[in-house]
Amino acid sequence: MPRQEEIHIKPKVTKLLLGSLIFVALGIFMIYAGAGDRQIVLVIIGFLCTLFFGALLVFFMRKLVQRKPALVINDEGIIDRSSYVSVGAIPWSEIKGMDIYQVMNERFIGIEVHHPEEILARLPGWKQKLMRMNKGMTNATIHLSASGLSCNLNELFLTLYRRWKISKNDDITEMTEVVNNEELQA
């Protein structure tokens, strides 16, 4: 089988960076407002908001400066660096299935793997906990968010699906028709 072109997808961080910055500012405002009025609950919520969105702000700033691709698709598989809980390299042979789904107004590509515990074992403990929380929402172990990638999610799904099926020497026409029908309905 001839080698296929490696695809690099850049992160989309400007909106996320701005959103994180706004929530950090809101958290700091809540801390000061709560401290002035002696409302400990407001201070705690402000602190947690500042801590969480501050960590995301640092993550997105690093993404902006690094200029590494958020997602690499090649003959061996996928290299995921698209989110705070990315898993890194995922070989095509490890992928069991994939689907597009939506949680609230956010669309994702969910990737099921044959051995999720092996994927999770190579991550730090805090990432494992976040990944397990995500797994509770869907069957997928890996989630690629539309908001973190600078590409069309349907086109990305088709590319991933085709490359995965090619790696297995499977027929891809059925899923292509499903995604094309979904595009017409969206």
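Residues numbered from 1 in each chain as written. Predicted model: local features only at pLDDT ≥ 70, side-chain atom pairs only at ≥ 80, totals over all residues. Heavy atoms only, no water.

**Let's talk about helix α5 (residues 153–168)**
Stated formally: Secondary structure follows DSSP: runs of H or I at least 4 residues long count as helices, runs of E at least 2 residues long count as strands, and numbering of each begins at the N terminus. One less than the number of residues in a helix, times 1.5 Å, gives the span that helix is expected to have. Pairs of N or O atoms are called polar contacts if they sit within 3.5 Å, as long as, within protein, a hydrogen donor faces a hydrogen acceptor (for residues adjacent in sequence, only side-chain-to-side-chain pairs).
If you check α5, its first and last C-alpha atoms are 22 Å apart, about what 16 residues at 1.5 Å a residue would give, namely 22 Å. Where α5 begins, one side-chain oxygen reaches toward the backbone nitrogen of Asn-154, 2.8 Å away; that side chain belongs to Asn-152.

**Focus on the environment of Ile-119**
Using the following cut-off: The contact rule is simple, with two residues in contact once any of their heavy atoms fall within 4.5 Å.
Its location among the elements puts Ile-119 in helix α3 (residues 116–121). With near-sequence residues (within four places) excluded, Ile-119 lies in contact with Val-87, Glu-94 and Val-113.

**Some details on the sheet that holds strand β5 (residues 95–103)**
To summarise the sheet geometry, strands pair through backbone hydrogen bonds and adopt either a parallel or an antiparallel arrangement. Quick reminder of the rule: When DSSP finds at least two bridges between two strands, those strands are taken to pair. Note on method: axes are straight lines fitted to C-alpha atoms, helices fitted across the in-contact stretch only, with angles between N-to-C directions ranging 0 to 180 degrees.
Strand order in the open sheet formed by 3 strands is β5-β6-β7, with antiparallel pairing between adjacent strands. With one partner strand each, in any of the chains shown, β5 and β7 (142–145) form the two edges of the open sheet. Neighbour-to-neighbour, the strand axes of this sheet turn through a mean angle of 25°, independent of strand direction. With 8 bridges connecting them, β5 and strand β6 (residues 106–113) associate as antiparallel partners. Within the sheet, the bridge partner assigned to Gly-97 lies in β6 and is Glu-112. Packing of α5 onto the sheet brings it into contact with β5, β6 and β7, and relative to β5 it is tilted by some 170°.

**Overview of the pairing of β7**
As a reminder of what qualifies: Only protein chains enter the area calculation, which uses a 1.4 Å probe; residues under 20% of their type maximum are buried, those over 50% are exposed, and those in between are partly exposed.
Covered by surrounding structure in β7 are Ile-142 and Leu-144 together with His-143 and Ser-145, the residues of both alternating faces. With 4 bridges joining them, β6 and β7 adopt antiparallel strand pairing. Pairing of Gly-110 across the sheet is with His-143, part of β7.

**Side note on the packing of aromatic side chains**
The following threshold applies: Only the six-membered ring of Trp is used, alongside the rings of Phe and Tyr, when aromatic pairs are assigned; centres must lie within 6.5 Å, and planes under 30 degrees apart are stacked while those over 60 apart are edge-to-face, with the rest tilted.
Inspection of the entire model under this criterion finds 5 aromatic pairs. Judged by centre distance (4.6 Å) and plane angle (20°), the rings of Phe-23 and Phe-53 are stacked. Taken as a pair, Phe-23 in helix α1 (residues 14–37) and Phe-53 in helix α2 (residues 40–66) lie far apart in primary sequence, 30 residues in all. The partly exposed category is assigned to Phe-23, whose relative accessible area is 36%. Grouping aromatic residues by their ring pairs yields a cluster made of Phe-23, Phe-52 and Phe-53.

**Focus: unusual backbone geometry**
One can expect most non-glycine residues to show negative phi and most peptide bonds to be in trans. Located in the positive-phi region is Arg-38, a residue other than glycine, with phi close to 55°. In this fold, Arg-38 is placed in the loop between α1 and α2. Here Arg-38 falls in the exposed class, since its relative accessible area comes to 78%. One non-glycine residue with positive phi stands out, namely Met-104, at about 55°. Mapped onto the elements, Met-104 comes out in the loop between β5 and β6. A relative accessible area of 76% places Met-104 in the exposed class.

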